Amino acid sequence: MDMAVKEKDRDKTKELEKKLKLQGKLAWDRMEEKERKEVFPFAEGYKRFLDRAKTEREAVREILEAARKAVFRELSRPGGGKKFFSVNKEKSIALALLGRSPLAEGLRIIVSHIDSPRIDLKQNPLYEDSDLAIFRTHYYGGIKKYQWVAIPLSLHGFIVKADGSALPVRIGEDPEDPVFVINDLLPHLSGKVQDQKKLAEAIEGEKLTALAGSLPYPDGEAKERVKLRILDLLHEKYGLVEEDFTSSELELVPAMKARDAGFDRSLIGAYGQDDRASAYTSLQAVLALKNPSRPVLSLFVDKEEIGSEGNTGAQSLFIDEVVRGMIERSGETPSEARVKKILAHSKAISADVESAFDPNYPEVHEKQNAGRIGYGVCLEKFTGHRGKAGASDARAEYVGEIRRIFNTRRVAWQMTEIGKVDEGGGGTVAKYLAVYGMDIIDCGVPVLSMHSPYEIASKVDIYEAFKAYRAFLESS
Ligand code: MN
Ligand code: MN
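Because the structure is a prediction, the values reported are computed rather than measured. The residue count restarts for each chain, going from 1 along the sequence in the order it is written. Ligands are numbered from 1 and chains lettered from A, in the order in which they are written. With pLDDT at 70 or above as the cut-off, local features in this predicted model cover only qualifying residues; side-chain atom pairs require 80 or more to be listed or tallied, and sums for whole chains, interfaces and linings still use all residues. Note that water and hydrogens are dropped before the side-chain values are worked out from all heavy atoms of the structure.

(A) Geometry of the packing of aromatic side chains. Ring geometry is summarised as follows: Phe, Tyr and Trp rings, the Trp one being its six-membered ring, pair when their centres sit within 6.5 Å, and such pairs are stacked at plane angles under 30 degrees, edge-to-face over 60 and tilted between the two. Inspection of every chain in the model, using the stated rule, returns 10 aromatic pairs. Judged by centre distance (6.2 Å) and plane angle (90°), the rings of Trp148 and Tyr271 are edge-to-face. Separated by 123 residues along the polypeptide, Trp148 in the loop between strand E6 (132-140) and strand E7 (153-160) and Tyr271 in the loop between strand E12 (267-270) and helix H8 (273-287) bring together distant segments of the chain. Here's how the labels work: a residue is buried when its accessible area is under 20% of the maximum for its type, exposed when over 50%, partly exposed in between, all with a 1.4 Å probe on protein chains only. For Trp148, a relative accessible area of 0% corresponds to the buried category. Judged by its relative accessible area of 3%, Tyr271 is buried. A connected cluster of aromatic rings, assembled from ring pairs, spans Phe42, Tyr46, Phe49, Tyr280, Tyr463 and Phe466. We call a charge positioned over a ring when the NZ of a Lys or the CZ of an Arg lies within 6 Å of the ring centre and within 35 degrees of the ring normal. Arg136 extends its terminal NZ or CZ atom over the ring of Tyr127, reaching a point 3.7 Å from the ring centre. What counts as a helix is a DSSP run of H or I of at least four residues, what counts as a strand is a run of E of at least two, and both are numbered from the N terminus.

So, in structure tokens, the structure goes:
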């Protein structure tokens, strides 16, 4: 064989590889210069949202404000228009748009969740021990407890007083504010009680207590003087009495702000990116829509981290109510059958973050199917754990459809699985919507340190998520 033929063969092999092999390519490399310039500015808005929306209630407020600015109207109020919002108990919210096609042909639905793992105060939280005032807590969602000690926490939430009036709380976000801290044991003494134990057992739930103060009430005869002084202060400042805690929702969340991470500023470190990364990008996708061909519904739900239960989670009938409202606003008469038919004909994305391949722990991932930072939005055909138990599994036809939409719109996407088959797993809201008969698939950005106080995501993946959701909502 002469050299010329060999060269020719090599070219042919390269061509064949390009044509046949699944090409993983960094989103940065796939982008044109013009688009690459939009990635960093887009991340600025996202960081602002993360700082302002640290709880589900705050996220609802932010989304509502953005919707009102974009002239969305309240769904339950009769009147014209094509863009509506519906707030469910201040903890979940829906944005709805009527499209060019009738509702009966189905909606384009995106569901994200706006609750994140955190440390809630107990309903009777305050006690005094060793001349310190301390809050008892009950953590919310899947946390690794050791990550939440010895970091600055801010207190967010809502207290309903005896007379029914409500007091919103947000302490620890302003640089002048005090913060709250869960103290941890010094290494000099933690040998037996912590270090020898399994990581998951080293810190017990009941030991996640947050310091609330240390000043004594002036009267030396009083009992629990530090606690009394805190109560006195809360009464003076907010008119609170201790019983008011029983009707409160107070959440301790990391007081840190969203920041650029790394020399090149390509990453974002922040609390609550699970799942406000999806909430923000899908919100922006909805706001960017102009006269969509299909009616659109974007749901931002609560309680995903504890199983989507309750009247504000994805298992509630809120979605049915919103679709009912959409039927009324489009001038038709709503019925249960109509709501069901519309939902059965709908197509949906369960927008939630995916675990990113962690180079420190390659053993929990199967690299070929792992989500990679910088490779764009992750599609998960199925969720669940160990043998796909508890999975919502999108059918191949639907995956094919989504793939075509993303490819046509030049969205950087990767097909991923949370980790190794027998390693663990997880699920999202997809299965609760799949029961209506709609096609639904999980899709979101890959995240490092998920569920930690400071999660990491890539700016380019955030931008690709926005592109992906927009392309989906604009598809016909
Ligand atoms: Mn999530
Ligand atoms: Mn989560």
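That shown, we press on.
(B) Fine view of the coordination of the manganese ion (ligand 1). With water excluded from the atoms, a metal site may look incomplete; its donors are any N, O or S atoms within 2.8 Å, or within 3.2 Å for Na, K and Ca. The coordination sphere of the manganese ion (ligand 1), as far as protein atoms go, consists of His113 (NE2), Asp274 (OD), Asp352 (OD) and Asp352 (OD), spread over 2.1 to 2.5 Å. Positions of the donor residues of the manganese ion (ligand 1) along the chain correspond to the pattern H-x160-D-x77-D. The manganese ion (ligand 2) is placed at 3.3 Å from the manganese ion (ligand 1), the two being bridged by Asp274. Remark: Asp352 occurs in the loop between strand E14 (347-350) and strand E15 (354-355) and Asp274 occurs in helix H8; sequence separation between them is 78 residues. Residues Asp274 and Asp352 agree in their burial class; the two are buried.

(C) View of the coordination of the manganese ion (ligand 2). Protein-derived coordination of the manganese ion (ligand 2) comes from Asp274 (OD), Glu305 (OE), Glu305 (OE) and His451 (NE2), at a distance range of 2.1 to 2.6 Å. Mapping the donors of the manganese ion (ligand 2) onto the primary sequence yields the spacing D-x30-E-x145-H.

(D) Representation of the packing of helix H3 (residues 33-52) against helix H13 (residues 459-474). Relative orientation of the contacting elements H3 and H13 amounts to 95°, with a least axis distance of 9 Å. The angle between H3 and H13 falls in the class roughly perpendicular. Facing Glu35, Glu38, Val39, Phe40, Phe42, Ala43, Glu44 and Tyr46 of H3, the residues of H13 in contact are Lys459, Val460, Ile462, Tyr463, Phe466 and Lys467. Looking at side-chain class alone, the contact of H3 with H13 contains 9 nonpolar, no polar and 5 charged residues. Fitting a line to C-alpha atoms yields each axis, with helices limited to the stretch in contact; the angle taken between N-to-C directions then spans 0 to 180 degrees. When an angle is under 35 degrees it counts as roughly parallel; over 145 it counts as roughly antiparallel; between 65 and 115 it counts as roughly perpendicular; any other value is oblique. Contacts are assigned to residue pairs that have any heavy atoms within 4.5 Å of one another. Amino acid classes used here: Ala, Val, Leu, Ile, Met, Phe, Trp, Tyr, Cys and Pro are nonpolar; Asp, Glu, Lys and Arg are charged; the rest, including Gly, are polar.

(E) Highlighting the sheet that holds strand E4 (residues 108-113). A pair of strands is considered paired only if DSSP assigns at least 2 bridges between the two. The sheet built from 9 strands is open, its strands ordered E1-E2-E3-E13-E4-E14-E20-E16-E18 with mixed pairing. The strands lining the two open edges of the sheet, one partner per strand, are strand E1 (73-74) and strand E18 (413-415). In this sheet, strand E3 (residues 92-97) lies alongside strand E2 (residues 83-88) in antiparallel orientation, the contact comprising 6 bridges. Paired with Asn88 across the bridge in E3 is Ser92. On top of the sheet, helix H4 (residues 56-69) reaches E2, E3 and strand E13 (296-301); it is set at about 25° to E3, its chief contact. Here H8 sits on the sheet and contacts E3, E4 and E13; the angle it forms with E4, its principal contact strand, is near 145°.

(F) Molecular detail of the pattern of salt bridges. The term salt bridge refers to a side-chain nitrogen of Lys or Arg lying within 4 Å of a carboxyl oxygen of Asp or Glu. For the coordinates displayed, the defined rule picks out 33 salt bridges. A salt bridge links Glu58 to Arg170; the nearest nitrogen and oxygen atoms lie 2.9 Å apart. Residue Glu58 is located in helix H4, and its partner Arg170 is located in strand E8 (residues 166-171); the two are separated by 112 residues in the primary sequence. In this structure Glu58 comes out as buried when scored by relative accessible area, which is 4%. Look at Arg170 and you get partly exposed, because its relative accessible area is 35%. Taking the shortest distance from any N to any O, the salt bridge between Glu173 and Lys257 comes out at 3.1 Å. One end of the pair, Glu173, is in the loop between E8 and helix H5 (191-195); the other, Lys257, is in the loop between strand E10 (248-254) and strand E11 (259-261), and 84 residues separate them in sequence.

(G) Spotlight on the domain arrangement of the protein. By the assigned domains, the protein splits into domain 1 (27-116 + 271-473) and domain 2 (118-254). Start and end points for every domain follow an automatic or database-based domain assignment. The straight-line distance from the C-alpha centre of domain 1 to that of domain 2 is 33 Å. At the junction of the two partners, domain 1 supplies 20 residues and domain 2 supplies 16 residues. When two components associate, each loses some accessible surface as probed by a 1.4 Å sphere; the sum of these losses over both components is called the buried area. Contact with domain 2 buries area across many residues of domain 1, yet Lys54, Arg57 and Pro453 alone supply 34% of it, more than any other trio. There are 5 salt bridges connecting domain 1 and domain 2. Here Arg57 and Glu249 are joined by a salt bridge, their closest N and O atoms 2.6 Å apart.

(H) Representation of the sheet that holds E8 in the model. Pairing in this open sheet of 6 strands is antiparallel, and the strands run E8-E7-E10-E5-E6-E9 from one edge to the other. Where the open sheet ends on each side, the last strands, each with one partner, are E8 and strand E9 (210-213). Across the sheet, the axes of successive neighbouring strands diverge by a mean angle of 30°, strand direction being ignored. Bridge analysis of E7 against E10 gives 7 bridges, and the strand direction is antiparallel. Within the sheet, the bridge partner assigned to Leu153 lies in E10 and is Pro254. Where helix H7 (residues 225-238) meets the sheet, its contacts fall on strand E5 (118-129), E6, E8 and E9, and the angle it forms with E5 comes to roughly 120°.

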